[in-house]
Structure formats: structure tokens, C-alpha cells
Amino acid sequence: MLVYRGYSQTAHRATVLTIGNFDGVHIGHRALLARLTRTAASVGLPSAVLTFEPHPREFFAPQAAPPRLSTLREKLELVADDGVDVAYVCRFNAAFASMSADQFIERVLVGGLRARHLIVGDDFRFGARRAGDFARLRAAGAHSGFVVEAMESITLDGVRASSSAVREALQEGRLEHAATLLGRPYSIDGRVVRGEQLGRQLGFATANIRIKHDRPPLLGVFAVEVKGLPGGPHRGAANLGYRPTAGQEARPLLEVHLFDFAADIYGAHLNVRFLHKLRDEMKFADLAALKARIALDVAAAKAYFQS
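Bear in mind that the values here come from a model prediction, so they are computed numbers and not experimental data.

*Asks:* Residue-level account of the nonpolar core, with values.
*Replies:* Note on soluble globular proteins: their nonpolar side chains tend to be buried together. Judged by nonpolar contacts, the single largest core of 31 residues is most densely connected at Leu218, Leu254, Val256 and Phe274. Contributions of two or more residues to this core are made by α7 (163–171), α8 (175–182), β9 (186–193), β10 (207–210), β11 (220–227), β12 (234–241), β13 (253–258) and β14 (269–279). Counting residues in hydrophobic clusters, the runner-up holds 28 residues, among them Leu17, Ala101, Ile105 and Val108.

*Asks:* Break down helix α1 (residues 27–43) for me, citing the residues and quoting the values.
*Replies:* Helical periodicity: at 3.6 residues per turn, an α-helix aligns residues three or four positions apart in one direction. The first and last C-alpha atoms of α1 sit 24 Å apart over 17 residues, in line with the 24 Å expected at 1.5 Å per residue. All of the buried residues in α1 are Gly28, His29, Leu32, Leu33, Leu36, Thr37, Thr39 and Ala40. Seen from one end, α1 has its buried residues packed into an arc of 165°, which puts them on one side. When the buried face of α1 is taken as reference, the exposed residues oriented beyond 90 degrees from it are Arg38, Ala41 and Ser42. In this fold, the buried residues of α1 make contact with β2 (15–19), β3 (47–53), α3 (72–81), β5 (115–121), β6 (147–151) and α7. Looking one or two places after α1, you find Gly44, whose phi comes out positive at around 70°.

*Asks:* Requested: an account of the packing of aromatic side chains, with residues and values cited.
*Replies:* By the definition in use, this model includes 14 aromatic pairs. Where Phe124 meets Phe126, the ring centres are 5.7 Å apart and the plane angle is 15°; that geometry is what we call stacked. The pair Phe124 / Phe126 is uniform in exposure class, with both members buried. Grouping aromatic residues by their ring pairs yields a cluster made of Phe52, Phe59, Phe60, Phe92, Phe96, Phe104, Phe124 and Phe126. The ring centre of Tyr266 lies 3.9 Å from the NZ or CZ of Arg194, which sits over that ring. Between Lys302 and the ring centre of Phe259, over which it is positioned, the NZ or CZ distance is 5.2 Å.

*Asks:* How would you explain the packing of helix α5 (residues 101–112) against helix α6 (residues 134–144) if you had to name every residue and give the values?
*Replies:* Contact pair α5 / α6: the axes reach a minimum separation of 11 Å and the direction vectors enclose 50°. Relative to α6, α5 is oriented oblique. Both α5 and α6 take part in a crossing whose hand is right-handed. When α5 is examined against α6, the residues Ala101, Asp102, Ile105, Leu109 and Val110 are found in contact with a partner set consisting of Arg136, Leu137, Ala140 and Ser144. Across the contact of α5 with α6, the residue classes tally to six nonpolar, one polar and two charged.

*Asks:* Any details on the sheet that holds β3? Residues and values, ideally.
*Replies:* A sheet is described by the order of its strands in space; here six strands give the open sequence β1-β4-β3-β2-β5-β6, paired in parallel fashion. Sheet topology places β1 (2–5) and β6 at the edges, where each strand pairs with a single neighbour. With strand direction ignored, the average angle separating the axes of adjacent strands in the sheet is 25°. With four bridges connecting them, β2 and β5 associate as parallel partners. Each residue of the ladder has a partner; that of Leu17, found in β5, is Leu118. Sheet strands in contact with α6 are β5 and β6, and its direction is about 155° off that of β6.

Reading guide: rules and limits
- Residues numbered from 1 in each chain as written.
- Predicted model: local features only at pLDDT ≥ 70, side-chain atom pairs only at ≥ 80, totals over all residues.
- Heavy atoms only, no water.
- Core = buried A, V, L, I, M, F, W, Y, C linked by side-chain atoms within 4.5 Å.
- Buried < 20%, exposed > 50% of the residue type's maximum accessible area, 1.4 Å probe, protein only.
- Helix = DSSP H or I, 4+ residues; strand = E, 2+ residues; numbered from the N terminus.
- Expected span 1.5 Å × (residues − 1).
- Arc of directions from axis to C-beta.
- Contact = heavy atoms within 4.5 Å.
- Phe/Tyr/Trp six-rings, centres within 6.5 Å; stacked < 30°, edge-to-face > 60°.
- Lys NZ or Arg CZ within 6 Å of the ring centre and 35° of its normal.
- Axes fitted to C-alpha atoms, helices over the stretch in contact; angles between N-to-C directions.
- Parallel < 35°, antiparallel > 145°, perpendicular 65-115°, else oblique.
- Left-handed = near helix turned anticlockwise from the far one by under 90°.
- Nonpolar A, V, L, I, M, F, W, Y, C, P; charged D, E, K, R; others polar.
- Pairing = 2+ DSSP bridges.

Put into C-alpha cells, the structure is as follows:
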């Protein structure tokens with residue numbers, strides 16, 4: 001998949017386009033992307049996605065914005081996995097936020113991305129103060145020569161698939177439900193870095209993974225599966241949090257203990273899939289109490305996989 005920053009460079013060809021934040025790329029997003037790629041193939045044009053960085057809610061109210069489900073890299077990888085040809089990452093800033101609905105249509109959809117066919121969610125809004133809606137897009141399309149199609153929401157047991165629903169399930173520890181909404185287990189990517197080797201001292205060596213999520217949508221201890229290493233995927237137990245017993249971390253750290261694994265993997269880029277929550281992160285009286293609880297956590301994670 002080709003990735004472009006912004007939309008100022010006019011697309012080389014007309015596109016079949018969709019627009020959205022695509023945080024987490026859940027089953028509703030994936031249904032939209034499937035329709036996008038089918039339509040693009042049927043008319044012989046590239047499929048394209050326009051997304052935003054940062055998330056608009058982070059721009060307008062950074063303190064109140066919800067935790068992201070996916071970093072930009074993770075999102076783009078998931079979109080690419082669904083067969084999209086081109087992604088345009090638009091910087092969401094004051095100038096873009098002040099663009100009127102008509103300016104968005106003229107500058108972005110028609111002038112920049114040369115949209116021939118546009119597919120959007122049924123709740124899509126655009127332009128300053130969210131003044132643009134589907135009816136406005138359809139009228140503009142009739143005037144400027146592009147087709148506009150609405151994609152209905154995907155529901156699961158009567159609940160609309162949404163990033164908010166996934167986020168709520170993760171925060172409540174309902175990882176299996178989150179996986180159903182996502183169409184896959186929730187995962188976080190990161191690179192293995194050198195740590196204090198506290199886990200090794202306690203008898204449970206861990207891969208310390210620095211993640212780019214400032215506020216991950218879930219915290220605690222989990223049974224996990226790890227991709228990115230030879231012979232994988234590998235199973236293990238992981239703690240995602242701030243290590244209150246060993247000295248409070250300023251940023252969240254992901255620590256993964258892999259079962260029956262002893263290789264040097266510093267620098268490896270791993271994908272950690274969260275399958276089942278074992279407990280919340282806790283502060284223990286001392287390292288001996290922490291070591292005893294880690295042993296219980298590892299045993300619980302192994303029991304989860306055995307069952």
C-alpha cells in the first residue's frame with residue numbers, strides 16, 4: 001500500500017475513496033474497506049483511504065480524548081492487510097479544521113484526491129462545525145461527477161460495532177468481546193528494549209516493550225500470544241502498566257514473559273495479542289510478594305491456554 005502525507009499532491013489517477021479515522025479497524029471498518037476494494041476492482045481504479053493525524057478529538061479536546069486503539073503505524077498496517085491500494089494521511093490542524101464543507105469537497109475530494117466514487121459511513125460528517133453531511137456530498141457528487149454511496153453500520157447482537165464499543169470492552173476486561181468486535185484479538189506493536197532485568201532477578205525473564213500508546217485502552221495482567229519471532233506465535237503472560245511495585249513508570253510499559261523461551265530478542269519488533277485478562281495491575285508490599293504473584297499469574301495464563 002502506498003502512503004502519502006496530506007492531499008496537496010494531486011492523485012495520479014481517479015480514485016474510489018473512503019474517509020474516516022479507522023481507529024482500531026474494527027469489523028464495521030473492515031466491511032467498509034471490503035466494499036471499497038470490491039468497488040474499485042469493478043471499475044478498474046485504485047482504492048484509497050483518507051485518514052487523519054492526530055485524531056480530531058485529540059485536536060479539539062486533548063485532555064478529554066479517549067485512548068487510541070491503534071497507533072498510526074498499526075492502523076495503516078491493518079488497512080493495508082485489507083487490500084487498500086493507497087492511504088492519504090491528512091494532518092488535522094487548525095487550518096484543516098476551519099475548512100468549510102464546500103472547500104473540503106472542492107480542495108480535497110475533487111482537486112486533490114480526484115474521487116470518482118466515494119463510500120462513507122452513514123453517520124459521516126465533515127467540514128467546519130461538522131456542517132457537511134451525506135445529502136450535501138450527494139448533491140456535490142451530482143454536480144462534480146462522482147458517485148456517493150452510504151455504508152450502513154454493522155451491528156453485533158444489536159450493538160453497533162464502533163471504536164467506542166471496542167474501547168469500552170477493553171477497559172472492562174472483556175477481551176473476548178473486544179476480539180469479536182474487531183474480528184481479531186486486540187494487539188499492540190512495539191520494540192524490545194533493555195530494561196532493569198528485574199523479571200530475570202525474580203525468576204521470570206521478560207521482554208520489555210516500549211509502546212507508542214501514551215494511554216493504552218487497557219491495563220493489567222493478561223494471557224497473550226506474540227508474533228514477530230522465529231517459530232512463533234509464542235504464548236506468554238504480560239503486564240501492561242506503570243510498575244507501581246518496582247518504581248512508578250512515567251509511561252506505560254509492556255512486559256511479556258514468554259513460556260519456554262530464552263533467546264536474545266533485543267531490538268525485535270513484536271506484535272502482542274491480548275487474549276484474556278487475568279487481573280488488574282497491583283502494588284505489592286515487596287518484591288517477594290510480587291514474585292509470588294507473578295508465579296500465580298504465569299500458572300493462570302498456562303491454564304487458560306490449556307483450556
